[in-house]
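Understanding the architecture of this molecule
If you want the building blocks of each chain, they are given just below.
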Amino acid sequence: MPEHTASILIPAPVKMTPRPGKHQVRNLTSFSVSPEFNTVVPELQRLFKALAMPVESVSGAADIELKKGPLPSGAWQIKITPEKITIEAGERTGAGYAANALAQMLFAATAKGHPEDALDCAEIEDAPRYPWRGFMLDSARQFQDKDFIKKFLRTLSAFRINSFHWHLVDSQGWRYPSKIAAKLGPEGSWSFGQYSREDLQEISQCARELGIRIIPEVDVPGHSSFLLEHYPEYTCDPAGKCNEFCLGKTGSMKMIQELLAELMAIFPDSPIIHIGGDEANSAHWEKCPDCNAALKAKNLSNMRELENDFMVELAHFVLSKGRTPMIWGPGIEQVYPPETVIQSWLNFRDNLRFHKHGNKVIHSVHTSLYFDYPASLNEYWESWMMELSEQGVYMTDPYCMWYEELKNTILGLEACLWTETAPQHRIMSKLFPRIFAYAESAWSSEENKNWNDYLRRKGKLEATGYLDFIRDI
Ligand code: ACM
Ligand code: ZN
């Protein structure tokens, strides 16, 4: 007997109750959505087109009706009866997740070889485990074109990922046109390209329609040699080569604040702005008269404290503009404004360090969630990387580490794809199939996760051609 057509969902839902009867897929000709969910219409149209199903958008009564209901953020329900398919969601994001879940079931129901061409009746209830399900893409080391970014966003949305953290600048390139740093063009150290303002608007529009928020990043004071080669006046040693902004020259803070203000204007919908804070080397600061003068004037005892002071000032600046600052978890305990979101990438200790200061933490620990790491050591990899298998991603669970108080500091997960070894044409092979495992780790509760059952469901979806569809989405 074929398996129930709702028992293939990835990520696994909170609850699936089989009901008697079947809904004939051939009878589906129309769908309607409540006006609040209008932006889901193109998504549903795209899905039906991929399924070669002539299901048209109508208003009012339809074979598939998507309605607003009293459900929390991201949650959705689907009720399949022999007569009708009813979808309920509390907001736009949940409606999109339900549309994608329905598409997975339709793929299974109409797969070649499936005898019935019917959905088994069921009631499905679902809601996310974590409110933050993120993915970071590094477009600085290797540039990806506009159409690729839009495709990447559509792929993320199919896996219910709701935050696109965009690493737009680094020592190898500057990928948006800045009037503040107007000398920075599309020439990068490793690849060529820069998004135009129109590209960025189009990408923002695409993200908005998919219910994904963009978190743009300008990483300072380190990882900045691309900018500083063009603007050496902001380094400790204008005659030398520096990766870091000088922390003592007043021009540095002014320049960076202007850059951040400009970034916020380019991304008016982005509630969260990432200010970097990653891996700065203090060697130039130690020798710099301006940095040493600032250290003395602020009565601080070392350059890490001065760096912290610098980042705290930037965090307050972002807050003063009505946005929330986000920062890579530093190597040592630091005190940022409590609103600052800490992205924990190095180890699990950030929750211990930051909960007492009121900060929330995103779990991005590299050994579990760095998608640039090879899925197997047969792939090309760099010396700093470890193997990160699909099962390794599946086992990611920050809750397993902590007692209740620390669990409450975790906003969610974020996978990262750095591109030192991943030009555009390698990105999808880095993503698949591990993104299936990631989606379930970020969405499904512990009780609903089961590795063997996940493999069964993924195998079924693979057999339907769903992976090819999602890769080309
Ligand atoms: C990082 O991987 N250096 C944030
Ligand atoms: Zn300096």
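Here we summarise the structure given alongside this text. (Residues numbered from 1 in each chain as written. Chains lettered and ligands numbered in written order. Predicted model: local features only at pLDDT ≥ 70, side-chain atom pairs only at ≥ 80, totals over all residues. Heavy atoms only, no water.)

**Remarks on the overall build of the protein**
The condition that has to hold: Helix and strand assignments follow DSSP, with helices taken as H or I runs no shorter than four residues and strands as E runs no shorter than two, numbered in order from the N terminus. To get the radius of gyration, use the C-alpha atoms; to get the globule rule, take the number of residues to the power 0.38 and multiply by 2.2 Å. The cut-offs for exposure are 20% and 50% of the maximum accessible area for each residue type, with area from a 1.4 Å probe on protein chains only; residues under the lower value are buried, those over the upper are exposed, and the others partly exposed. Between two residues, a contact is recorded if the distance between any of their heavy atoms is within 4.5 Å. A 1.4 Å probe and the Shrake-Rupley method give the accessible areas. Residues count as covered only by the protein chains that appear here.
Of the regular secondary structure elements, the protein holds 17 helices and 17 strands. By the compact-globule yardstick of 23 Å for 473 residues, the protein fits well, its C-alpha radius of gyration being 24 Å. Overall, the protein is about 80 × 45 × 45 Å in size when its C-alpha atoms are taken along their principal axes. Counting the 473 residues in the protein, one finds 59% classified as buried. Sequence-distant contacts, at least 24 apart, represent 70% of the contacts inside the protein between residues at least 6 apart. Entry remark: accessible area of the protein is about 18,500 Å², with carbon and sulfur atoms responsible for 53%.

**Details of the pairing of strand 15 (residues 341-344)**
Selection rule: When DSSP finds two or more bridges between two strands, those strands count as paired.
Burial of the side chains of strand 15 extends over both faces: V341 and Q343 are buried on one face and I342 and S344 on the other. In this sheet, strand 15 lies alongside strand 14 (residues 324-328) in parallel orientation, the contact comprising three bridges. From the neighbouring strand, I327 faces strand 15, where its bridge partner is I342. Where strand 15 lies against strand 16 (residues 360-363), four bridges are found, and the strand directions are parallel. Paired with Q343 across the two strands is I362, which belongs to strand 16.

**Some remarks on the side chain of T409**
Condition: For this analysis, a polar contact is any N or O atom pair within 3.5 Å, provided that within protein one partner can donate a hydrogen and the other can accept it, and provided that sequence-adjacent residues contribute only side-chain to side-chain pairs.
With respect to the helices and strands, T409 occurs in the loop between helix 13 (404-407) and strand 17 (410-417). Polar contacts involving the side chain of T409 include one to the side chain of N351, which spans 3.0 Å. Ignoring any residue separated from it by four or fewer positions in sequence, one finds T409 in contact with N351, H355, N359, K360 and V361.

**Concerning the coordination of the zinc ion (ligand 2)**
This is how the line gets drawn: For Na, K and Ca the donor cut-off is 3.2 Å, while for other metals it is 2.8 Å, and in both cases only N, O and S atoms qualify; water is not among them, so sites may look incomplete. When four donors show all angles between 85 and 135 degrees the site is tetrahedral, when four or six donors have opposite pairs over 155 degrees and all other angles between 65 and 115 it is square planar or octahedral respectively, and in every other case it is irregular.
Bound to the zinc ion (ligand 2) are the protein donor atoms C236 (SG), C246 (SG), C288 (SG) and C291 (SG), situated 2.2 to 2.3 Å from the metal. In this structure, the zinc ion (ligand 2) is surrounded by four donor atoms whose angles at the metal cover 104 to 114°, and the resulting shape is tetrahedral. In primary-sequence terms, the residues that donate to the zinc ion (ligand 2) follow C-x9-C-x41-C-x2-C. Linking C236 in the loop between helix 5 (225-230) and helix 6 (250-266) with C246 in the loop between helix 5 and helix 6, this pair joins segments that are ten residues apart in sequence. Taking relative accessible area as the criterion, C236 reaches 11% and is therefore assigned buried. Look at C246 and you get buried, because its relative accessible area is 0%.

**Observations regarding the sheet that holds strand 1 (residues 15-24)**
Formally: For helices, the axis comes from a line fit to the C-alpha atoms of the stretch in contact; other axes are also lines fit to C-alpha atoms, and the angle between any two N-to-C directions lies between 0 and 180 degrees.
The strand order 1-7-5-6-4-2-3 describes an open sheet built from seven strands, whose pairing is mixed. Each edge of the open sheet is held by one strand with a lone partner, namely strand 1 and strand 3 (56-57). Of the strand pairs in this sheet, strand 2 (residues 30-33) and strand 4 (residues 64-68) are connected by three bridges, and their pairing is parallel. Its bridge partner being in strand 4, V33 is matched across the sheet by L66. Packed onto the sheet, helix 2 (residues 92-110) meets strand 4, strand 5 (76-80), strand 6 (85-89) and strand 7 (118-126) and runs at close to 35° relative to strand 5.

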